[in-house]
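So you can see what is in the structure, the chains are spelled out below.
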Amino acid sequence: LSRHCALSAIVSETLYSHGDNAAIRYHYDDLMSSYVCETVVMMVVGTGMSQDDYETLSTNISTKQPIITVIVDHFPGFFLKSNPKKFARAYEQFMEAIQTGNIVPICKGRAPKKVLIGGHSTGAVAALGAFAELNPRPDGFIGLDPFSVDEKKVSLAEDTPALLWGFKEMTCQVKIQQ
């Protein structure tokens, strides 16, 4: 298809931060390249979705949208993904490097206008636990089946936009009430 007839042209790449051993995979629609770096959606992996599931999620978020979707595994090879400090390091390294073009070449010199973070299952817990301390502070939160959130320890400010999508059935040995 020619560039004028294509519906979307998803570009993706996997990167590894060797200092913290974080794995980062990003997706964007090349047909939206003039605007793609304006919005970053960063999602932390959980334990119950496959790599293909995250690929599908990222592609669906970015297709025909001016959004770069970033999937972060801040603890590759380890089952639990709920460490907010490790996620915070991966987030801050990514946000610092995005404008240099070293991580996502198309974003060189372009600061994101909106940053949304979140995750699935225990990854959502890591993102939520780090949220208040992140710099730059994200503009919103997306929680996909967040696992066992202790509201006494972590919460969002009341004025923080959030999409919280909870359980309807048991998955990954996690009860609906958690």
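The numbering scheme is per chain: residues are counted from 1 as the chain's sequence reads. Whole-chain, interface and lining totals are the exception, using all residues; otherwise, since this is a predicted model, local features are given only for residues with pLDDT of at least 70 and side-chain atom pairs are given and counted only at 80 or more. With hydrogens and water set aside, each side-chain value is computed from the structure's full complement of heavy atoms.

Caption draft 1: Quick look at the state of the cysteines. Disulfide assignment relies on a single distance test, namely cysteine sulfur atoms paired within 2.5 Å. Going through the model one piece at a time under the given rule, you end up with 1 disulfide. Across the disulfide, Cys-37 is cross-linked to Cys-107 (sulfur-sulfur distance 1.9 Å). Between Cys-37 and Cys-107, the S-S dihedral sits near -85°, and the bridge is therefore left-handed. Of this pair, Cys-37 sits in the loop between β2 (22-29) and β3 (39-44) while Cys-107 sits in the loop between α2 (84-98) and β5 (114-120), and the two are 70 residues apart along the sequence. Per residue, the accessibility class of Cys-37 equals that of Cys-107, and both read buried. Secondary structure follows DSSP: runs of H or I at least 4 residues long count as helices, runs of E at least 2 residues long count as strands, and numbering of each begins at the N terminus. When a residue's accessible area, from a 1.4 Å probe over protein chains only, is under 20% of the maximum for its type it is buried; when over 50% it is exposed; and in between it is partly exposed.

Caption draft 2: Looking closely at the pattern of salt bridges. The rule for a salt bridge is simple: a side-chain nitrogen of Lys or Arg has to be within 4 Å of a carboxyl oxygen of Asp or Glu. Counted under the stated rule, the structure contains 2 salt bridges. For Arg-25, the salt bridge goes to Glu-55, with nearest N and O atoms at 2.8 Å. Taken together, the residues span a long stretch of sequence, with Arg-25 in strand β2 and Glu-55 in helix α1 (residues 51-62) at a distance of 30 residues. With a relative accessible area of 24%, Glu-55 lands in the partly exposed category. Salt-bridge contacts for Lys-113 lead to Glu-38; the nearest nitrogen and oxygen are separated by 3.9 Å. Of this pair, Lys-113 sits in the loop between α2 and β5 while Glu-38 sits in the loop between β2 and β3; the two residues are 75 residues apart in sequence, bridging distant segments of the chain.

Caption draft 3: Local environment of the packing of aromatic side chains. Under the pairing criterion, centres of Phe, Tyr and Trp rings, with the six-membered ring standing for Trp, must be within 6.5 Å; the plane angle then separates stacked pairs below 30 degrees from edge-to-face pairs above 60, leaving the rest tilted. Counted under the stated rule, the structure contains 3 aromatic pairs. When the ring of Phe-87 is compared with that of Tyr-91, the centres are 6.1 Å apart and the planes differ by 45°; the resulting orientation is tilted. Remark: Tyr-91 and Phe-87 occur in helix α2; sequence separation between them is 4 residues, near one turn of the helix. The pair formed by Phe-87 and Tyr-91 is uniform in burial state, with each residue classed as buried.

Caption draft 4: Examining the pairing of strand β4 (residues 67-73) more closely. The element β4 is extensively covered by neighbouring structure, given that 7 of its 7 residues are classed as buried. Side chains Ile-67, Thr-69, Ile-71 and Asp-73 of β4 all project onto a buried face; the interleaved residues Ile-68, Val-70 and Val-72 project onto the opposite face, where all are buried too. Bridge count between β2 and β4: 5 bridges; the pairing is antiparallel. Across the sheet, the residue bridging to Ile-24 is Val-72, located in β4. DSSP-based pairing: two strands are paired if at least 2 bridges between them are found. Strand direction decides the pairing type here: β3 and β4, joined by 6 bridges, are parallel. The residue bridging Met-42 from the neighbouring strand is Val-70, located in β4. By definition, the crossover connecting two strands over a helix is right-handed if that path, from the first strand to the second, turns clockwise as seen with the strands pointing away from the viewer. The β-α-β motif built from β3, the intervening α1 and the parallel element β4 has right-handed crossover chirality.

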